[in-house]
Amino acid sequence: MRDTVDVIISGGGLAGLAAAAAFGSAGHGVLCVDPAPPVTDEADPAADLRTTAILQPSADVLAAAGVWDRLLPHAQPLQTMRIVDAGGRVRRDFDAAEVSDRPFGWNFPNWLLRRELTARLADLPAVCFRPGVGTAALVAREVEARVTLTDATRWTARLLVAADGRDSPMRAALGIGARTIDYAQQALVFAVAHDLPHDGVSTEIHDAGGPFTLVPLPDRDGAFRSAVVWMIPTPEARRLAALDAPAFAAAATARSFGLLGELRLVSGRALWPIIARLADRFDGPSAALMAEAAHVVPPIGAQGFNMSMADLGALIDVSARHGLGAPEGLAAYTRRRWPEVAARIAGVDLLNRASRAGASPIRAARAAGLGALHAPAPLRHALMRLGMGMT
Ligand SMILES: Cc1cc2nc3c(=O)[nH]c(=O)nc-3n(C[C@H](O)[C@H](O)[C@H](O)COP(=O)(O)OP(=O)(O)OC[C@H]3O[C@@H](n4cnc5c(N)ncnc54)[C@H](O)[C@@H]3O)c2cc1C
């Protein structure tokens, strides 16, 4: 016996939960499964310490999914993107006001995103979210996807959405390959309090080893706060992660060139391995890959989740035009998303390699490139729009 549903979503990470809300809001019956229940409480030791900067186009996708109004009261608006290089001497500011009357993005803790996304799903009667259960097997046919879950129940759906992460079991079941670059770097993730206000400025500091990014958080207990992503070669990242809190905070303050004054550690520290990965295609019979199942990028310029929301917008669109799971719609999805994602991965790869370089011609070129970004307004504005995920 098989149960039937319109859409099965394998994976209830940020991308899978957003996809369940979007397909549910578009009037489809949805089953979303994930073996790992989402952690939605900041105090839980298993809470995800990362934050996500959500850019303008993603806000529109989340609004259509009925999530944005729930999120906005918790947002820290990001008005300006600042890039700092050459020991703090070169600074370039990109103020969203130059190209838009909205901030370029909004920053949220990941645990809070999970809380609000799952709350939205609870409001949608046609969406069933089953944490604790995963997808186990898939037979993908042009007319339907047949999915067996880890609780041995069997389902058919017109569309299977694989949002089950960088090692996607559904991508493997579809026989879709992926190419990977391992940068031998880690992202050290933590939150800090500081003496100087961030003024809604997200600051990316380039120096040897990789970028150090400070993303504004709302003030708390009278203190200014920011989330930090510090990308660094793996041995050095492990050494830093093992330092005691005061020594670690001193190292982070030095690496930030003291731009926000002294940094004080106000969270735990987590390490994330840095890779880039791109699936060979984003569709199979009655199936689509999205988010990290389709692509992984180093955390530079807030591209990962934002590319995932662009995937979701495109999937909803081709499903409305061609019907759920229709082969021509799924082929159109790959044609629309794959080249755009490949170009963004290549851009982030270049930035990461340039940022890792120490004293070298690459580093000089990096500073010169930043200088060029300050020049002619049309080019600068085009680059800003690209960085903000606009087309
Ligand atoms: C340090 C860091 C900072 C970042 N900051 C930003 C940012 O500011 N802006 C931005 O746009 N992006 C950012 N990203 C990227 C972003 O976090 C991810 O792109 C985003 O979380 C999407 O992840 P996902 O849902 O695809 O994967 P995951 O979060 O890995 O979710 C995949 C889910 O699939 C589940 N799963 C696995 N197997 C199965 C199965 N068999 N059945 C069902 N489910 C299964 C897993 O349990 C998991 O919950 C950052 C990434 C890192 C590492």
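Our structure is the block above this text.
About the thresholds
Every chain's residues receive numbers from 1 upward, in the order its sequence appears when written. Owing to the predicted nature of the model, reporting of local features is limited to residues with pLDDT of at least 70; listing and counting of side-chain atom pairs is limited to 80 or more, with chain, interface and lining totals taken over all residues. To get the side-chain values, take all heavy atoms of the structure and skip hydrogens and water. A carboxyl oxygen of Asp or Glu within 4 Å of a side-chain nitrogen of Lys or Arg is what we treat as a salt bridge. Summary of the burial criterion: residues with accessible area below 20% of their type's maximum are buried, those above 50% are exposed, and those between are partly exposed, where the area comes from a 1.4 Å probe applied to protein chains only. Only DSSP runs of H or I reaching four residues or more are called helices, and only runs of E reaching two or more are called strands; each is numbered from the N terminus. When DSSP finds at least two bridges between two strands, those strands are taken to pair. Helix axes are fitted only over the stretch in contact, all axes being lines through C-alpha atoms; the angle between N-to-C directions runs from 0 to 180 degrees. The criterion used for residue contact is that any of the two residues' heavy atoms lie within 4.5 Å. In a helix, the anticipated span is given by 1.5 Å times the number of residues less one. Each angle gets one of four labels, with under 35 degrees taken as roughly parallel, over 145 as roughly antiparallel, 65 to 115 as roughly perpendicular, and the rest as oblique. Take the far helix as your reference; a near helix turned counterclockwise from it by less than a right angle gives a left-handed crossing, and one turned clockwise gives a right-handed crossing. Picture the helix axis, draw a direction to every C-beta atom, and the arc is the one those directions span. For each residue, the test is whether any non-hydrogen atom lies within 4 Å of the molecule or strand; if one does, the residue is near. Polar contact criterion, stated in full: a pair of N or O atoms within 3.5 Å, where within protein one must be able to donate a hydrogen and the other to accept it, and residues adjacent in sequence count only if both atoms are side-chain atoms. To measure how exposed things are, a 1.4 Å probe is used in the Shrake-Rupley method; for residues, cover is taken only from the protein chains shown. For this scheme, ten residues count as nonpolar: Ala, Val, Leu, Ile, Met, Phe, Trp, Tyr, Cys and Pro. Four count as charged, namely Asp, Glu, Lys and Arg, and the remainder, Gly too, count as polar.

*Asks:* Now, about the pattern of salt bridges: what can you tell me, with residues and values included?
*Replies:* As a working rule, side chains carrying opposite charge can pair if their charged atoms are close by. Going through the model one piece at a time under the given rule, you end up with 21 salt bridges. Between arginine 50 and aspartate 48 there is a salt bridge, with the nearest N and O atoms lying 2.9 Å from each other. On the accessibility criterion, aspartate 48 (11% relative accessible area) is buried. Across the pair arginine 166 and glutamate 292 runs a salt bridge, and its minimum N-O distance is 3.4 Å. Separated by 126 residues along the polypeptide, arginine 166 in the loop between strand 11 (154–162) and helix 5 (169–173) and glutamate 292 in the loop between strand 19 (287–289) and strand 20 (295–296) bring together distant segments of the chain. Classification of glutamate 292 as partly exposed rests on a relative accessible area of 30%. Several salt bridges converge on common partners, so that one network encompasses Arg70, Arg115, Glu116 and Asp123.

*Asks:* Report on the environment of arginine 92, specifying residues and quantitative values.
*Replies:* Mapped onto the secondary structure, arginine 92 falls in strand 6 (residues 90–95). We classify arginine 92 as buried; its relative accessible area is 19%. When the C-alpha positions of arginine 92 and alanine 270 are compared, they lie 29 Å apart, and in sequence the two are 178 residues distant.

*Asks:* Lay out the sheet that holds strand 7 (residues 105–109) with the relevant residues and their values.
*Replies:* Across the sheet, three strands lie side by side as 3-7-4; this open sheet has antiparallel pairing. Strand pairing shows two members of the sheet lacking a second neighbour, strand 3 (51–55) and strand 4 (76–78), which therefore form its edges. Ignoring strand direction, the axes of neighbouring strands in this sheet form an average angle of 30°. In this fold helix 2 (residues 56–64) packs onto strand 3 and strand 7, with an angle of close to 90° to the strand it touches most, strand 3.

*Asks:* Explain helix 1 (residues 14–25) to me, using residue names and the numbers behind them.
*Replies:* Its twelve residues place the ends of helix 1 16 Å apart at the C-alpha level, agreeing with the 16 Å of an ideal helix rising 1.5 Å per residue. The buried fraction of helix 1 amounts to eleven of the twelve residues, a majority that puts the element mostly inside the structure. Of the residues making up helix 1, those classed as buried are Leu14, Ala15, Gly16, Leu17, Ala18, Ala19, Ala20, Ala21, Ala22, Phe23 and Gly24. Following helix 1 by one or two positions, glycine 27 adopts a phi angle in the positive range, close to 95°.

*Asks:* Summarise the packing of helix 2 against helix 8 (residues 304–322); cite the residues concerned and give the values.
*Replies:* Taken N-terminus to C-terminus, the directions of helix 2 and helix 8 make an angle of 50°; their axes are 9 Å apart at the nearest point. The angle between helix 2 and helix 8 places the two elements in the oblique class. As for the relative orientation of helix 2 and helix 8, their crossing is left-handed in sense. Where helix 2 approaches helix 8, its residues Ser58, Val61 and Leu62 are matched on the opposing element by Phe305, Asn306, Met309, Leu312 and Gly313.

*Asks:* Break down the pairing of strand 11 for me, citing the residues and quoting the values.
*Replies:* Of all nine residues in strand 11, seven are buried; the element is thus mostly enclosed. Taken together, the seven bridges between strand 1 (residues 3–10) and strand 11 define a ladder with parallel strand orientation. Note that in strand 11 the partner of isoleucine 8 across the bridge is leucine 160. Pairing of strand 10 (residues 145–149) with strand 11, which is carried by four bridges, proceeds in the antiparallel orientation. Considered in strand 11, the bridge of alanine 145 is made with alanine 157. Linking two consecutive strands that pair antiparallel, namely strand 10 and strand 11, is a turn of four residues; a positive phi of about 75° is found at alanine 152 within it. The pairing of strand 11 with strand 19 spans three bridges and is classified as parallel. Bridging across to strand 19, leucine 160 finds its partner in alanine 287.

*Asks:* Break down helix 7 (residues 245–255) for me, with residues and values.
*Replies:* Within the sequence span of helix 7, burial applies to Phe248, Ala249, Ala252, Thr253 and Arg255. All buried residues of helix 7 project into a common sector of 165° when viewed along the axis, lining one side. Those residues of helix 7 that are exposed and aimed more than 90 degrees away from the buried face are Pro246 and Ala254. Of the surrounding secondary structure, the elements contacted by the buried residues of helix 7 are strand 12 (178–194), strand 13 (201–205), strand 14 (212–220), strand 15 (223–233), helix 6 (234–242) and strand 16 (263–265). One or two positions beyond helix 7, positive phi appears at phenylalanine 257, with a value near 55°.

*Asks:* Kindly report on the site of the ligand, identifying the contributing residues and their values.
*Replies:* In the vicinity of the ligand lie 29 residues, with Asp34, Ala53, Glu292, Phe305 and Asn306 positioned nearest. In this structure, an oxygen atom belonging to the ligand sits 2.6 Å away from a side-chain N or O atom of aspartate 34. Take threonine 135: an N or O atom from its main chain is 3.0 Å from a nitrogen atom of the ligand. For the ligand, the accessible surface in isolation is 1000 Å², of which the surrounding protein chains cover 85%. Looking at the shell around the ligand, the elements with two or more residues in it are helix 1, strand 2 (30–34), strand 3 and helix 8. Its residues placed into classes, the shell around the ligand shows 14 nonpolar, eleven polar and four charged.

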